[in-house]
Amino acid sequence: MLIHETPDKRDTFRYTFALPRPPVIQFLNTTVELIDISAGGVSFKNHGFNPGDRDRITLHLGDEEIRFKYKLCIVIVIVSIDAHKICHCLFEAPDVDQTEAIHRFLLLKQKKDIRESLHPR
């Protein structure tokens, strides 16, 4: 079993998906909207899941503005569910290509956010 224990759950940059249309995934045959993504995993609202639940998901990482598209097929495992009923999941054994794609997506999103904060439209 994969155990994730740390006093600081925000060690890495975490990109929060914009409303009203965050990406959706199928997790244990339930459609869930992602709240955010980091290099280590994703989070979403709980729909009756439990810590330790795992499933292979498909996530389309992409953004026309940053000219990036990647189809991520990976196993995620719920490591905790917080008091706000948010499932915090880790990517389980990502390969090198998956890790690089996630990092690239996050870096491009982070740069885009910084540009927009410096030069608001």
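These notes cover the structure that comes with them. (Residues numbered from 1 in each chain as written. Predicted model: local features only at pLDDT ≥ 70, side-chain atom pairs only at ≥ 80, totals over all residues. Heavy atoms only, no water.)

A separate point is the packing of aromatic side chains. Aromatic ring pairs are reported here in terms of the distance separating the ring centres and the angle at which the planes meet. Taken as a whole, this structure holds five aromatic pairs when the rule is applied. Look at F27 and F49: their rings are 4.9 Å apart centre to centre, the planes differ by 85°, and that puts the pair in the edge-to-face class. Of the two residues, F27 is situated in strand β2 (residues 24–27) and F49 in the loop between β4 (41–45) and β5 (54–63); the sequence distance between them amounts to 22 residues. With a relative accessible area of 0%, F27 lands in the buried category. Of the aromatic side chains, those joined through ring pairs into one cluster are Y15, F17 and F105. (Phe/Tyr/Trp six-rings, centres within 6.5 Å; stacked < 30°, edge-to-face > 60°. Helix = DSSP H or I, 4+ residues; strand = E, 2+ residues; numbered from the N terminus. Buried < 20%, exposed > 50% of the residue type's maximum accessible area, 1.4 Å probe, protein only.)

To continue, consider the pattern of salt bridges. With the rule as written, the count across this model stands at two salt bridges. Measuring nitrogen to oxygen at the nearest pair gives 3.0 Å for the salt bridge that ties R14 to D36. On the criterion of sequence distance, the pair formed by R14 in strand β1 (residues 14–16) and D36 in strand β3 (residues 30–38) is long-range, its members being 22 residues apart. Judged by its relative accessible area of 3%, D36 is buried. E92 is the partner of R54 in a salt bridge, and the nearest nitrogen-oxygen pair spans 2.4 Å. Taken together, the residues R54 in strand β5 and E92 in strand β7 (residues 86–92) connect sequence positions 38 residues apart. Overall, R54 belongs to the partly exposed group, its relative accessible area being 37%. (Salt bridge = Lys/Arg side-chain N within 4 Å of Asp/Glu carboxyl O.)

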